[in-house]
Every structure is written in structure tokens, then in C-alpha cells.
Amino acid sequence: MISKELLEILRCPVAVHYTDKGDDPGQLRLVNGCWLVCDDSNYKYPIIDDIPVMLVEVGEKYKDITEEDLPVPPPKDI
């Protein structure tokens, strides 16, 4: 499980550069206990073996998948 402290400091590597999303763009929320979702970019990052995989290409891969359809647990062969 990801700690609350880590969740508070992590940001989406894509959305953090947005200038039209307020003072703190790229915030993430925990979904299904194993996904980090950014509402600003809609990128979704898996947490595998308690490690957030914050690679842009991985987040983009799941961008168009609804939260309900995200695999739980995430596949380890990303």
C-alpha cells in the first residue's frame, strides 16, 4: 500500500507542467488500492509490488481505460 505522505507529494509527470489547471496540477488519487489516477491528464499509473510506476508511456497506455475497467491487480509485465 502506498503511504499517504508519498501520495501527497507525487504528481503526474505530464500534468505537472499544465499551466491551466490551478496552482498544483498533476495531483494523484488512489484507485482500487493499486492505481494512481490523475484527473488533470487522465493518465493512470499502476502500483506494482508497492512501487508506483510513474513512466509517461505507462500512464498513457491506460489513459482511455475507465477506472472500473482497470485490471486489479495491475499486470506486472507493463
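Calculation notes
- Residues numbered from 1 in each chain as written.
- Predicted model: local features only at pLDDT ≥ 70, side-chain atom pairs only at ≥ 80, totals over all residues.
- Heavy atoms only, no water.
- Helix = DSSP H or I, 4+ residues; strand = E, 2+ residues; numbered from the N terminus.
- Buried < 20%, exposed > 50% of the residue type's maximum accessible area, 1.4 Å probe, protein only.
- Pairing = 2+ DSSP bridges.
- pLDDT = per-residue confidence, 0-100.
- Core = buried A, V, L, I, M, F, W, Y, C linked by side-chain atoms within 4.5 Å.
- Contact = heavy atoms within 4.5 Å.
- Phe/Tyr/Trp six-rings, centres within 6.5 Å; stacked < 30°, edge-to-face > 60°.

> Can you help me understand unusual backbone geometry in this one?
Of all residues except glycine, most have a negative phi; of all peptide bonds, most are trans. With an omega of -5 degrees, the peptide bond running from Val-72 to Pro-73 counts as cis. Among the structural elements, Pro-73 can be located in the segment after helix H2 (56–61). Positive phi outside glycine occurs at Asn-42, with the angle close to 70 degrees. Position of Asn-42 among the secondary structure elements: in the loop between strand S2 (35–38) and strand S3 (44–48). Taking the relative accessible area as the measure of exposure, Asn-42 reaches 33% and is therefore partly exposed.

> I keep staring at the sheet that holds strand S4 (residues 51–52) and nothing clicks. Help me out?
In sheet architecture, strand pairing relies on hydrogen bonds along the backbone and comes in two forms, parallel and antiparallel. Strands sit in the order S1-S2-S3-S4 across an open sheet of four strands; the sheet is antiparallel. What marks the edges here is a single partner per strand, and that holds for strand S1 (28–31) and S4. Two strands pair when backbone bridges link them, and S1 and S2 are joined in this way by four bridges, in the antiparallel orientation. When the bridges of S2 are listed, Leu-28 appears paired with Cys-38.

> Even after reading the chapter, I still don't get the confidence of the model for the chain, so can you show me in this structure?
Any segment with low pLDDT has predicted coordinates that should not be analysed in fine detail. Averaged over every residue, the pLDDT of the chain is 95; residues scoring 70 or more account for 100%. The weakest mean pLDDT in the chain belongs to helix H1 (residues 4–9) at 95; the strongest belongs to S2 at 98.

> What is the right way to read the nonpolar core from this model?
Across soluble globular proteins, nonpolar side chains have a tendency to be buried as a group. Listed in full, the 11 residues of the largest apolar core are Ile-2, Leu-10, Cys-12, Val-14, Ala-15, Leu-28, Leu-36, Cys-38, Tyr-43, Tyr-45 and Ile-47. Residue assignment for this core shows that the elements contributing at least two residues are S2 and S3. Sequence-distant contacts of Leu-10, defined by excluding residues within four places in its chain, comprise Ile-2, Gly-26, Leu-28, Leu-36 and Pro-52. One finds Cys-34, Trp-35, Val-58 and Leu-70 within the second-largest nonpolar core, a separate group that totals nine residues.

> How do you make sense of the packing of aromatic side chains when you look at a structure like this?
What describes a pair of aromatic rings is the distance from one ring centre to the other and the angle between the planes of the rings. All chains considered together, the criterion is met by two aromatic pairs. Ring geometry for Trp-35 against Tyr-62: centres 4.7 Å apart, planes inclined by 70 degrees, an arrangement best described as edge-to-face. You can see Trp-35 sitting in strand S2 and its partner Tyr-62 sitting in the segment after H2, a full 27 residues away along the chain. Accessibility assignment for this pair places Trp-35 and Tyr-62 in one class, buried. Between Tyr-43 and Tyr-45, the ring centres sit 6.3 Å apart and the planes meet at 40 degrees, which makes this aromatic pair tilted. Judged by its relative accessible area of 0%, Tyr-45 is buried.

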